[in-house]
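Residues per chain, in single letters:
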Amino acid sequence: MSRSPAHEIADPRDEYVLGHSENEVRRLTLQADMLRSITERLMRNAGIREGMKVLDLGCGAGDVSMLAAELVGPSGRVVGIDRVSDVLGLAVERSKRAGYDNIVFQEASLATFTEIGTFDLVIGRYVLIHQSDGTSFVRAAAKCVRPGGVLAFHELCLWKPTYPFPVPLYDKALGWLTKAVQSAFLGPEAADRLAMHFLDADLPRPAMFSEMVVGCVESPLLLWLPDTLRSMMPVVTRLNIATEEEVGIDTLSDRIREAALETKGLLTSPLQVCGWARL
Ligand SMILES: C[S@@+](CC[C@H](N)C(=O)[O-])C[C@H]1O[C@@H](n2cnc3c(N)ncnc32)[C@H](O)[C@@H]1O
């Protein structure tokens, strides 16, 4: 594989549509708690161990970086990069508060990041879904991996299996969110195309697994869905996916709770798709 520092991606449309408002940052950390065990399984399958050097692409509020820092221990090192500086301040504050001194956060987009070929593990969670050219992003990410190191992604698949006992209001709201993501995100098929992106970037075929978060009325999905929809409301109304009155964002969580209690149905997340390959 060629290891020139010339990264190919630089698309000015690649901005983070959810923004980094207080609600969005709270949502990211709630989402991180919910996804932690799945991302940890990905990192362990990818062979993470003490002393490793890890790069977290699109680190946001720093949750994947902190998880990696825990797994590589004090002798390891984690670099978290994000192209938005506001959210990095929060990542620094949270990681300091949690006592990690083996993480460095850096404002950089993958296109401008210059530490090439030195990381044992390069990982991105929910970052490919924001790229207009997933293959170029995967190829650029691979350049940061040392020979013999691992490249890994945890992405979100918008296709969701139908369960026999759903909570209809929850599924309706998830449908609004899915439509908004399909229209506004640059790479809504990132999870479906994950293996394709590796192959098109001339990388080995990734090993993969998929899980979903499932729960009853006490599930974090009860807050995650309304919080995510709140961040996406400008898109939902602009594209006439649903009106503000229909969504009723301020009471949505309570209404889903009531519906879940009444129907005894299940709340189910979109499928989480993880893939990794040794380069
Ligand atoms: C959905 S958030 C995920 C945050 C974090 N990975 C997590 O799972 O909690 C995606 C983040 O990726 C960042 N991002 C998107 N494209 C990027 C790029 N090309 N280079 C660096 N950061 C990027 C965004 O600014 C945003 O903070």
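What counts as what
Residues numbered from 1 in each chain as written. Predicted model: local features only at pLDDT ≥ 70, side-chain atom pairs only at ≥ 80, totals over all residues. Heavy atoms only, no water. pLDDT = per-residue confidence, 0-100. Contact = heavy atoms within 4.5 Å. Pairing = 2+ DSSP bridges. Helix = DSSP H or I, 4+ residues; strand = E, 2+ residues; numbered from the N terminus. Axes fitted to C-alpha atoms, helices over the stretch in contact; angles between N-to-C directions. Core = buried A, V, L, I, M, F, W, Y, C linked by side-chain atoms within 4.5 Å. Buried < 20%, exposed > 50% of the residue type's maximum accessible area, 1.4 Å probe, protein only. Parallel < 35°, antiparallel > 145°, perpendicular 65-115°, else oblique. Left-handed = near helix turned anticlockwise from the far one by under 90°. Nonpolar A, V, L, I, M, F, W, Y, C, P; charged D, E, K, R; others polar. Phe/Tyr/Trp six-rings, centres within 6.5 Å; stacked < 30°, edge-to-face > 60°. Expected span 1.5 Å × (residues − 1). Bend = angle between axes of the 7 residues up to and from the residue. Salt bridge = Lys/Arg side-chain N within 4 Å of Asp/Glu carboxyl O.

### Observations regarding the confidence of the model for the chain
Confidence in the prediction for the chain averages 91 pLDDT; 92% of positions are at 70 or higher. Contacts from residues 1–14, a stretch scored under 50 in pLDDT, to residues over four places away or in other chains number 39 contacts.

### Some details on the sheet that holds strand 1 (residues 53–57)
In spatial order, the strands read 3-2-1-4-5-9-6; together these seven strands make up an open sheet with mixed pairing. Bordering the open sheet on either side are strand 3 (103–107) and strand 6 (207–211), each of which pairs with just one other strand. Each strand of the sheet is rotated relative to its neighbour by a mean of 15°, with strand direction disregarded. Pairing geometry for strand 2 (residues 77–82) and strand 3, over five bridges, is parallel. Across the sheet, Ile81 pairs through a bridge with Gln106, a residue of strand 3.

### Quick notes on the nonpolar core
Ranked by size, the top nonpolar core spans 96 residues in total, and within it Leu151, Phe153 and Leu229 carry the most contacts. Here the element with the most residues in this core is helix 7 (residues 221–238); it accounts for nine residues.

### Structural notes on the packing of helix 5 (residues 168–184) against helix 7
The geometry of helix 5 relative to helix 7 is characterised by a closest axis approach of 9 Å and an angle of 45° between their N-to-C directions. On the basis of their axis angle, the class for helix 5 and helix 7 is oblique. When the axes of helix 5 and helix 7 are compared, the crossing they make is left-handed. In this structure, helix 5 uses Tyr170, Ala173, Leu174, Trp176, Leu177, Ala180, Val181 and Ala184 to contact helix 7, whose residues at the interface are Leu221, Trp224, Leu225, Thr228, Leu229, Met232, Val235 and Val236. Class assignment for the residues of the contact of helix 5 with helix 7 results in 15 nonpolar, one polar and no charged.

### Thoughts on the packing of aromatic side chains
Enumeration over the complete set of coordinates arrives at four aromatic pairs. With a centroid separation of 6.5 Å and 55° between ring planes, the pair formed by Phe137 and Phe153 is classed as tilted. Taken together, the positions of Phe137 in helix 4 (residues 134–142) and Phe153 in strand 5 (residues 145–157) put the pair 16 residues apart, joining distant regions of the chain. For the pair Phe137 and Phe153, a shared accessibility class is recorded, and that class is buried. Through successive ring pairs, a cluster of aromatic residues spans Phe137, Phe153 and Phe198.

### With respect to the packing of helix 5 against helix 9 (residues 252–263)
Axis separation between helix 5 and helix 9 bottoms out at 8 Å; the angle between their running directions is 140°. Relative to helix 9, helix 5 is oriented oblique. Together, Pro168, Leu169, Tyr170 and Ala173 of helix 5 and Leu252, Arg255, Ile256 and Thr263 of helix 9 make up the contact between the two elements. Along the lines of polarity and charge, the residues of the contact of helix 5 with helix 9 split into six nonpolar, one polar and one charged.

### Quick notes on helix 7
In this model, helix 7 (18 residues) spans 25 Å end to end at C-alpha, consistent with the 26 Å of a helix rising 1.5 Å per residue. At Met232, helix 7 shows its maximal bend, which comes to roughly 65°, and the proline Pro234 appears one to four places after that position. The buried fraction of helix 7 is high, at 13 of 18 residues. Taken from the residues just after helix 7, Asn240 is the one with a positive phi, measuring 55°.

### A short note on helix 2 (residues 63–72)
Across the 10 residues of helix 2, nine count as buried, placing the element largely inside the fold. Next to the buried residues of helix 2 lie helix 1 (22–45), strand 1, strand 2, helix 3 (85–97), strand 3 and strand 4 (119–125). Within two residues after helix 2, Gly73 carries a phi angle of roughly 70°, on the positive side.

### Here's the deal with the pattern of salt bridges
Applying the stated criterion across every chain, the model contains 10 salt bridges. For Glu70, the salt bridge goes to Arg36, with nearest N and O atoms at 3.2 Å. Placement of the pair is Glu70 in helix 2 and Arg36 in helix 1, with a sequence separation of 34 residues. Where Arg41 meets Glu211, a salt bridge forms, and the shortest distance between an N and an O atom there is 2.5 Å. One end of the pair, Arg41, is in helix 1; the other, Glu211, is in strand 6, with 170 residues separating them in the sequence. The exposure class of Glu211 is partly exposed, given its relative accessible area of 22%.

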